[in-house]
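# Structural overview for review
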Amino acid sequence: MLACIFLGFSSGMPLFVLVSLVPAWLRDNDVDLATIGLFALVGLPYTWKFLWSPMMDRFKLPFLGRRRGWALLTQVLLVISIGLLGHFNPATSLQAIVWLVFAVALFSASQDIVIDAYRRELLADDELGTGTSFWINAYRLSGLVPGSLALILADHLPWSTVFWITAAFMLIGIVTTLLVKEVSDDELAPHTLREAVIEPFVEFFSRDGITAGLAILAFLFLYKLGDNMATALATPFYLDMGYSKTEIGSVAKFAGLWAVLAGATIGGAVMLKLSINKALWLFGFVQLLTIVPYIWLSQAGHSLVGLFVVVSGEYLAVGLGTVALTAFMARETSKAFTATQFALFSSLIAVPRTVANATTGFIVESVGWTQFFVICALLAIPGMLMLFKVAPWSAEEERAEDESPDDEAVIEEEEASP
């Protein structure tokens, strides 16, 4: 469980550098919103990581073992690339910053592949739910470093120092990687490229047919689309509303932190009694409804109480939705191909955060913040409609009664999910 906590922190920190710290840094240096929105495109490695995840399953580096070796390499590269960011001036070196941000995304996505696989191999079936809950909360907790501490420091220190201090927190992951045991079994690892690349996709699409498989992938893309877009430019939105960086770091970020942790905890508790399908419906409605208060906040202007309440509500819904969606992905993942299939699923979840979010800056500059949040609320509806196909309200209980022995692994994943 300690390994899940520290590796979860190491996994989340680079992502929050990209979604919280970099946009604030660029906006503080007078980069326009459209350009900041386009920076989401450099996060494409998160959406395509399933393409090279089989290679990290297939090949082992000559040190520390299959999982720990790849983890250490990516973590060291993240320290260097995050630290170097602050040495560039957005006004004169935007192209260099684009490439360096892309490198951070690439190394971060690769670390996620390894840590996801390590967590699955480390935990016994009856430990999956607890371990994943610890991992999710530590992942979110790591957002305090680039999203809160770094912003507060930026009011008192140069950005070059702030980025190196932020990068130093990756040492938590490095030390953990050096101390934990290697759990990968070379006998179970793929021995050919075909086994590593082809079989996970064949199994997934042959399970219930191509149409059902495509419906699941579409649902994973759409379920949190509106939610992700609403928070994509959160920090620039707060700055435009007149909040100082210290207010953002001390009010908005802490509000988001406690709320998302509470959401994950409440969601896990509720799902002890509520089926995965019902949780997706219930938590999905909460996600949609908590976008609406942002419309009010965009009109209310500077209000610290309003900021705390609106952000708390939004991130409470984020925590709830994440728990339900993680459980759904676990249910739909074959234990024989966990690493590659989970990478595929998590890649699709990352698509709205990259491709779709790249348009957010243009939308805001065209219609303003208020209409932007109205659009985000409307975009949350298609994901809810997909639930009729992939997770009907009452279908899960009926399915459980009719399970065949071939579906035993899926049942075990479902019971162990948070």
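So, here's what we can say about the structure. Since the model is a prediction, treat every value here as computed from it, not as a measurement.

### Focus: the overall build of the protein
A count of helical and extended segments in the protein gives 24 helices and zero strands. Looking at the 418 residues of the protein, the share that counts as buried comes to 57%. Residue pairs in contact within the protein that sit at least 24 positions apart in sequence constitute 84% of those at least 6 positions apart. Surface summary for the protein: the accessible area is close to 16700 Å², and the carbon and sulfur share equals 69%.

### Notes on the pattern of salt bridges
By the definition in use, this model includes three salt bridges. A salt bridge links Asp-227 to Lys-224, with the nearest nitrogen and oxygen atoms 3.4 Å apart. The exposure classification of Asp-227 matches that of Lys-224, with both residues buried.

### With respect to the packing of aromatic side chains
A full pass over the atoms with the stated rule returns 19 aromatic pairs. Relative to Phe-372, the ring of Trp-369 has its centre 6.0 Å away and its plane inclined at 80 degrees; by these criteria the two rings are edge-to-face. Of this pair, Trp-369 and Phe-372 both sit in helix α21 (residues 360–379), three residues apart, roughly one helical turn. Judged on exposure class, the residue Trp-369 and its partner Phe-372 are both buried. Aromatic ring contacts, followed pair by pair, group Phe-237, Tyr-238, Tyr-294, Trp-369, Phe-372 and Phe-373 into a single cluster. Note that Arg-119 overlies the ring of Trp-135, its terminal NZ or CZ placed 4.3 Å from the centroid.

### Quick notes on helix α16 (residues 245–270)
The terminal C-alpha atoms of α16, which comprises 26 residues, lie 36 Å apart, in line with the 38 Å expected from a rise of 1.5 Å per residue. The largest bend in α16 is about 25 degrees, located at Lys-253.

### Looking at the environment of Phe-254
Topologically, Phe-254 is positioned in helix α16. Along the primary structure Phe-254 and Phe-308 are separated by 54 residues, whereas in three dimensions their C-alpha atoms are 8.6 Å apart. Discounting residues that sit within four places of it in the chain, Phe-254 has contacts with Leu-144, Ser-148 and Gly-249.

Conventions and cut-offs
- Residues numbered from 1 in each chain as written.
- Predicted model: local features only at pLDDT ≥ 70, side-chain atom pairs only at ≥ 80, totals over all residues.
- Heavy atoms only, no water.
- Helix = DSSP H or I, 4+ residues; strand = E, 2+ residues; numbered from the N terminus.
- Buried < 20%, exposed > 50% of the residue type's maximum accessible area, 1.4 Å probe, protein only.
- Contact = heavy atoms within 4.5 Å.
- Areas by Shrake-Rupley, 256 points an atom, 1.4 Å probe, with all protein chains shown as cover.
- Salt bridge = Lys/Arg side-chain N within 4 Å of Asp/Glu carboxyl O.
- Phe/Tyr/Trp six-rings, centres within 6.5 Å; stacked < 30°, edge-to-face > 60°.
- Lys NZ or Arg CZ within 6 Å of the ring centre and 35° of its normal.
- Expected span 1.5 Å × (residues − 1).
- Bend = angle between axes of the 7 residues up to and from the residue.

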